[in-house]
Structure formats: C-alpha cells, structure tokens
There are 2 protein chains.
Amino acid sequence: MTTVAAYAAPAAKAPLERTTIERRPVGEHDVLIDIKFAGICHSDIHQVREGWGQAIFPMVPGHEIAGVVSQVGSGVTKYQVGDRVGVGCMVDSCRECENCKAGHEQYCTGGNVMTYNGIGKDGQPTYGGYSEKIVVDEDFVVRIPDGIELDVAAPLLCAGITTYSPLKHWNAGPGKKVAVLGMGGLGHMAVKLAHALGAEVTVLSQSLRKKDDGLKLGADHYHATSDPATFEQLRGTFDLIVSTVSAPLDFGAYLSLLKTDGALVNVGAPEEPISLNLFSLIGGRKTLAGSSIGSIRETQEMLDFCAEHGIGAEIELIGAAEINDAYERVLDSDVRYRFVIDTATI
Amino acid sequence: MTTVAAYAAPAAKAPLERTTIERRPVGEHDVLIDIKFAGICHSDIHQVREGWGQAIFPMVPGHEIAGVVSQVGSGVTKYQVGDRVGVGCMVDSCRECENCKAGHEQYCTGGNVMTYNGIGKDGQPTYGGYSEKIVVDEDFVVRIPDGIELDVAAPLLCAGITTYSPLKHWNAGPGKKVAVLGMGGLGHMAVKLAHALGAEVTVLSQSLRKKDDGLKLGADHYHATSDPATFEQLRGTFDLIVSTVSAPLDFGAYLSLLKTDGALVNVGAPEEPISLNLFSLIGGRKTLAGSSIGSIRETQEMLDFCAEHGIGAEIELIGAAEINDAYERVLDSDVRYRFVIDTATI
C-alpha cells in the first residue's frame, strides 16, 4: 500500500479538504500513475452532494485524470514508465458480459467499477483523481498523444469522450447539421469535436453571452434559447442535437428543431423525470436517446483524433485549495470552460 | 360530382349515421374506387370524439380502405378498371418538401392530406372509407395482391403499415428479439409481421387472456405486464420494443427491458405527456422513438410482403349498422382483432 495526499469530502455536502488515502500495491496488470492534472466535472459535485443517490465517504472525486506512468506491474504490456496516460470514469468492468466482450465497457451489465465513489474488485472504495497517484489496471488506461498538453488533455477523459461518443455514434460529419445544447464543460468540447468531425455546428445556449467563444471554438451559428424566435427560425433544421444540460427542458420544443429521423441525445440529464408528449417523436420518426461516456477503445480513438486536430479543452488551472470555490463557480456556470486542478498543489 | 352513401358522425362525439356525401369528379390522375371493405381503427374513434383536437364535421372516418377500381382518369398509368386496390391514411401530400421528394410522404412537412378529417387540395374536407366510393390520386393508391382477400387486406392499410414500417426501420429480423407491447389491432399485426420478418417475438400484454391467439399468430413468448416478475425476468432482453398502446405506461420499466442500443418505438401514444427519467436512456444508449404509418412505396412493399407470407388481419366483419356498437367494443378492447365494415351494407 502507498499513502498519498488527496482532497476529499469527508461527508455528503461537506467541503473538500486535504487528507491522505491508501493506494493498493501495483498488481501484475496495474500501472501506477503520478497524477499531474485532474479536471473538475459537474458530476463530481452531484456526487459529493449526493444528488444522484447515496454515495461513499470520504469521497475523493475526479475522473478526468492526466499523468505519467511511474511504475508498472510485471504483466503490463501496454505501458512503460514515463508514458503520458489518462484515466476516465471507469477503472474496471466485469469483462464477461456481452457489452464488455463487444468492447463497450461503459455499458457493462455486470457492473463496472467507477473511478471514484465505486467499489473495486478488491472490495475497497475507489478514490479518484484529486490526488497525487492512482493505481489502475492497464486495460483501463489510455495513452495521451504527445500533441496534447496534459492539463488540457485531462477534461477529454470525461467531457471529451462523453460528447465524442454520441457524435460518432449518430454520424456527425460532413453534410450534417448538429446542434449543441449548452455551452459549458461538455458543450464546449462538443462544439470543437463536431466541428472537427466536419459537421455544421450550431450552439443553442440560454443567452448570447458566450457567443464569441462559441464561434471561435468552431460553431457556425449561435442562438439564444431564451429567444422564442430561435425555435421558429430553426424548426426542422438539425440531424442531431446533443444536449449537455442537466436543467429541465421543454423537450417538445427541442424535438421540433429536428429534421425527420433526427435524434436528440442526452449526455446531461436532469435528476427529475421530464415530461414528454410522444407525438413529438411520432410526427417525424424522431429519436430521444441517451449516451454515457464511451468505451476505452473509443476514448483512445478520441484522444488520437484530438491530437490530430489540435484539440484540447479550454481550461482554468487552479490549485487544490481553490476546489471548493471552483465548485460554487461551476454551479453558477462561471467557468470557461473547465477547471483543472494542478495536483502538484495537493 | 358523384353522390355516394356513407356513414358519418354529424358532430363531435355523436353516433355515426347513414348519410350521403359528394365525391369529386374523376380528375386526370384520379381513380374512382368502389370500396368493398373499410377497417375501423382506434384513431377513427379518437377523431370522432375530438380526442386529438378540433375536427371537421360531418366526419366520415375510415383509412383502411380496400376496393376495386371502377373508373380511371385520362392520365392514369398505374391502375386499370377492375384492379384490386387500397387506400390508407393519406390521399395526397405537398410533393415538394425534402421528405416528399425522398419518398417519405408520411412525414411531409408541407402538410399531407389525410384521408378524412383533412382538407384536400381543392379546399374541400376529405371523407374516408365508411362509404361506397372514393376518388383518389393514383399516386396515393396501392395495389392489393391477388393473394390477399380484400376484407383482411383493409386493416393492412393502417394497422399493417404502421407496424411494418418501424419493424423494418429498426431492423427486426433474424437474430433480433422484438417485443410487441399491446395485443390489439396494431399489436396483432406487429406479431404477424415481426414473426414473418424472422425475429424472435414476445408479446407483452396486460394479461394472458389472448396468449393462445398470440402464440398462434407467431409469437414465441407471451408475458403479462400486470405481473411484476415479467420485468425481472425480461430485463435487458430486447433489441426492439414496438409499443402499440395509447394508455400511459411506466416507460422506465419498459426501457429496462431493452438491451444496450435498443429502441422503444411508439406507434400508439397517450394523449397526455408521459413522465420519463432520462437516465433510463443514458444507461444503455437507449432510444425512445416514434413512427407514423409508412410511405406509399413502403405500403406497397408491405402488401407484397403480406401476400408472399400469407398474412392478412384477423377480423370481425360487421354491417354498417353495427359501427357504433363496434366503437364501444373497441374502447373495451373487445375485438379480435379488427372490425371491418362490409361497405355493401351502407
């Protein structure tokens, strides 16, 4: 066991504070990663505050991890000491279910092991990236290409893959009109990725406050959803809408913006049930769908794609002491566009 | 103009009674059809009772029409006098929008002309199949193959195509597990068609009352949704669920029966909005979708498929005087499985 410094919430809704945790010994197929940067995802806050149900405390959040391999197990074949690597939302899965066998570990039906707020195969709680080091099975580690700095790479491990996966699955690309709903941590990545994939990209945001940024990141159009004219003007426009927002929406209104056979895919979601008139779907054979992160293989593909296209997240780098303030700012949508913790400050 | 006998509701919610209506002169591209049989669709009742919003009265319902061509316009090329033909839910469309041009008239964004309770291009209300004759543009007429009797063919024009289209679109076929939700007019057709397409078919019905019928029509399995064990047992089973019911459902429970990447497609729908937790979709990249009838080309394909596989609807043939009683029985789910009016009795 290795004792490492970390930032943890000792109890639900409590502020995070410095502490130490134990990391398991490096097993045959494990790599030890010196964490350099960890992104702050909105879902960290949901979980610290038990918005998604009962959670495990103390909790060390963080599933946007970028670092460098500092030790490898005897059976490790994919990584060497010094490799630049990342870890996302999962650190293991059952490896036996149909989805795992098909390489879709994110939909493991046997129960995958989340990077934090989960229980590992050793029966111990998992602790995430707001810490100095982490031990992960090599199969759940991805390589960060040299073309991407580690700090802007960290958010790709969740915000990047969560938006890349549905964009690819629903064929965002040349000739396709894609709307990105919400211009936050996930939304700004969706804009960059959809643009790089060749789609015509429209941002739908509450206001035009971030319009300049949106256009700079690759959006072709930018509309305020607070303006009713947006819904008149864009009726029947999009092949795909990726919703990154977790606030309740008028889904009928957004579905009306889709073409026939279009899809509205949710990667963010309100905690409460939504209300939906099914005729909004029937009229144009429309799809309301959801998507959860992406597979390990797809995460690697996304990182390689980002390196090729010079894509990283837009970040505000902070010290560990600023985490609690950063949480408040995330809740106020006051971040452009992802907080990343410099873990050297832990 | 031709005066023909018909059954009409003189006002919203009023009983249907015998009357006469005028049919337009047979235009250059029109065919005059002697209607032989007309199916009673649940949506006839919705519209007569204004359950779907304000309607046009007097209303002659009926969009499951089977008959014989008795006259053709000078420019008609597809049909001759004596041909056995059908008419479904549409009798025209804008023919100019993207969907019309792509052969998806059912999703015409210019506004298609419904067979009844619509306004034709001549500005006159349209009247449906509960009548002796109808005049329809040849492009919205389909051929009923010799292999299908006209009485059992009539319901294929709505119940058949409404279920065939999503089964095809969502790839029901060999190796696929398809559930049909509801065992009524649409449901019994979905069972026959999904079975003929090669899928493994499960009926999900409130009770086991119609189990023997379901298995006879081609279902491999039959489960009662009133039994909570059904949801335990079938968790994660289906590639596709076609919901034919218009009662409010616990959509979370039904979505849990889908495999990863599965789709729950609604061809029936409650009038009121449903409540849905989006995490039911996100967890397994699931789709909630809708589908509306099918194109004219696809309707012809469906009829040819039915002829090839010896498929017709299961019907109870009635005289026109029984229409109002039949409506009550439809509302009581007391029909196996479609009432068809012998229009000779009008």
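Residues numbered from 1 in each chain as written. Chains lettered and ligands numbered in written order. Predicted model: local features only at pLDDT ≥ 70, side-chain atom pairs only at ≥ 80, totals over all residues. Heavy atoms only, no water.

J.: Tell me about the relation of the copies chain B and chain A, residues and numbers included.
T.: With an RMSD of 0.0 Å, the operation that places chain B on chain A is a rotation of 180 degrees combined with a shift of 0.0 Å along the axis. The symmetry that links the two subunits is that of a two-fold axis. (Least-squares fit on C-alpha atoms with pLDDT ≥ 70 in both.)

J.: Tell me about the packing of aromatic side chains, residues and numbers included.
T.: Taken as a whole and judged by the stated rule, the model has 6 aromatic pairs over all chains. Relative to B:Phe279, the ring of A:Trp52 has its centre 6.0 Å away and its plane inclined at 70 degrees; by these criteria the two rings are edge-to-face. Remark: B:Phe279 occurs in helix α9 (residues 279-282) and A:Trp52 occurs in the loop between α1 (42-48) and β4 (65-72); the pair is interchain, linking two chains. Judged by relative accessible area, which is 42%, A:Trp52 ranks as partly exposed. With relative accessibility at 34%, the residue B:Phe279 sits in the partly exposed group. Ring plane angle 50 degrees and centroid distance 5.7 Å describe the contact between B:Tyr164 and B:Phe305, whose orientation is recorded as tilted. Taken as a pair, B:Tyr164 in helix α4 (residues 159-169) and B:Phe305 in helix α10 (residues 296-308) lie far apart in primary sequence, 141 residues in all. With a relative accessible area of 2%, B:Tyr164 lands in the buried category. (Phe/Tyr/Trp six-rings, centres within 6.5 Å; stacked < 30°, edge-to-face > 60°. Helix = DSSP H or I, 4+ residues; strand = E, 2+ residues; numbered from the N terminus. Buried < 20%, exposed > 50% of the residue type's maximum accessible area, 1.4 Å probe, protein only.)

J.: Residue-level account of the side chain of A:Asp44, with values.
T.: Residues and elements named next belong to chain A. Structurally, aspartate 44 is set in helix α1. Buried aspartate 44, no salt bridge; nearest opposite-charge side chain is arginine 338, N-O distance 7.2 Å. In this structure the side chain of aspartate 44 is engaged in a polar contact, spanning 2.6 Å, whose partner is the side chain of tyrosine 130. Those residues in contact with aspartate 44 that sit more than four places away from it in its chain are Gly39, Pro61, Gly62, His63, Tyr116, Tyr130 and Tyr327. (Lys, Arg positive; Asp, Glu negative; His and termini not counted. Salt bridge = Lys/Arg side-chain N within 4 Å of Asp/Glu carboxyl O. Polar contact = N/O pair within 3.5 Å; in protein donor to acceptor, adjacent residues only side chain to side chain. Contact = heavy atoms within 4.5 Å.)

J.: Explain the interface of chain B and chain A to me, and be specific about the residues and the numbers.
T.: Every contact between the two is made by 37 residues of chain B and, on the other side, 37 residues of chain A. Both sides of the chain B and chain A interface together cover about 2,900 Å² of buried area, and 60% of this is carbon and sulfur. Contact with chain A buries surface across chain B, with B:Leu278, B:Ile282 and B:Arg285 losing the most and accounting together for 24% of the total. Connecting chain B to chain A are 0 salt bridges. Where chain B packs against chain A, one counts 9 residue pairs in polar contact (both at pLDDT 80 or more). Elements supplying a minimum of two residues to the side of chain B that touches chain A: α2 (98-101), α4, β14 (258-266), β15 (274-276), α9 and β16 (287-290) of chain B. Class assignment for the residues of the side of chain B that touches chain A results in 16 nonpolar, 15 polar and 6 charged. (Buried area = accessible area lost by both parts, 1.4 Å probe. Nonpolar A, V, L, I, M, F, W, Y, C, P; charged D, E, K, R; others polar.)

J.: Explain the packing of helix α4 (residues 159-169) of chain A against helix α5 (residues 185-196) of chain A to me, and be specific about the residues and the numbers.
T.: Residues and elements named next belong to chain A. Between α4 and α5, whose axes approach to 8 Å, the crossing angle comes to 50 degrees. Here α4 is positioned oblique relative to α5, judged by the angle of their axes. Between α4 and α5 lies a crossing of right-handed hand. Contact residues: Ala159, Gly160, Thr162, Thr163, Tyr164 and Leu167 in α4; Gly185, Leu186, Met189, Ala190, Leu193 and Ala194 in α5. (Axes fitted to C-alpha atoms, helices over the stretch in contact; angles between N-to-C directions. Parallel < 35°, antiparallel > 145°, perpendicular 65-115°, else oblique. Left-handed = near helix turned anticlockwise from the far one by under 90°.)

J.: For the sheet that holds strand β10 (residues 177-181) of chain A, give the residues involved together with the corresponding values.
T.: The strand order across the open sheet built from 12 strands is β12(A)-β11(A)-β10(A)-β13(A)-β14(A)-β16(A)-β16(B)-β14(B)-β13(B)-β10(B)-β11(B)-β12(B), with neighbouring strands paired in mixed fashion. At either end of the open sheet lies a strand with only one pairing partner, and these are β12 (221-224) of chain A together with β12 (221-224) of chain B. Across the sheet, the mean angle separating the axes of adjacent strands is 20 degrees when strand polarity is ignored. Strand contacts of α4(A): β10, β13 (238-243) and β14 (258-266) of chain A together with β14 of chain B, with the helix running at about 160 degrees to β13(A), the strand carrying the most contacts. (Pairing = 2+ DSSP bridges.)

J.: Lay out α5(A) in plain terms, naming residues and giving numbers.
T.: All names here are of chain A. The first and last C-alpha atoms of α5 sit 17 Å apart over 12 residues, in line with the 16 Å expected at 1.5 Å per residue. Of all the 12 residues making up α5, 10 are buried; the element is thus mostly covered by neighbouring parts of the structure. Residues of α5 that are buried: Gly185, Leu186, Gly187, His188, Met189, Ala190, Val191, Lys192, Leu193 and Ala194. Contacts made by the buried residues of α5 are with α4, β10, β11 (200-205), α6 (211-217), α10 (296-308) and β18 (338-342). The first or second residue beyond α5 is glycine 198, which carries a positive phi of 100 degrees. (Expected span 1.5 Å × (residues − 1).)

J.: I'd love a proper account of the pairing of β4(A), names of residues and values included.
T.: Residue and element names in this part refer to chain A. In this sheet, β4 lies alongside strand β3 (residues 30-39) in antiparallel orientation, the contact comprising 7 bridges. Within the sheet, the bridge partner assigned to alanine 38 lies in β4 and is isoleucine 65. As judged from the 4 bridges shared by β4 and strand β5 (residues 84-87), these two strands associate in the antiparallel manner. Bridge pairing links valine 68 to arginine 84 in β5.

J.: Explain the pattern of salt bridges to me, using residue names and the numbers behind them.
T.: Two side chains that carry opposite charge are able to pair once their charged atoms sit near each other. All names here are of chain A. Summed over all chains, the structure comprises 36 salt bridges over all chains. The salt bridge involving aspartate 92 is made with lysine 121; its shortest N-O contact spans 3.3 Å. Placement of the pair is aspartate 92 in strand β6 (residues 90-92) and lysine 121 in the loop between β7 (113-114) and β8 (133-137), with a sequence separation of 29 residues. With a relative accessible area of 12%, aspartate 92 lands in the buried category.

J.: So what's going on with the environment of B:Ala229? Which residues, and what values?
T.: Note that B:Ala229 resides in helix α7 (residues 228-233). The spacing of B:Ala229 and B:Val152 is 77 residues in sequence and 36 Å in space, taken between C-alpha atoms.

J.: Please give an account of the domain arrangement of chain A that cites residues and values.
T.: A common way to report how large an interface is uses the accessible area buried once the components associate. Residues and elements named next belong to chain A. Split by domain assignment, chain A resolves into domain 1 (2-158 + 294-345) and domain 2 (160-290). Domain 1 and domain 2 are separated by 27 Å when their C-alpha centres are compared. Across the boundary between the two partners, domain 1 contributes 23 residues, which contact 22 residues of domain 2. Of all residues in domain 1, the largest losses of buried area upon contact with domain 2 belong to Phe305, Arg336 and Tyr337, amounting jointly to 30% of the total for that side. At the junction of domain 1 and domain 2, the tally comes to 3 salt bridges. The salt bridge involving lysine 168 is made with glutamate 301; its shortest N-O contact spans 3.8 Å. (Domains from an automatic or database assignment.)

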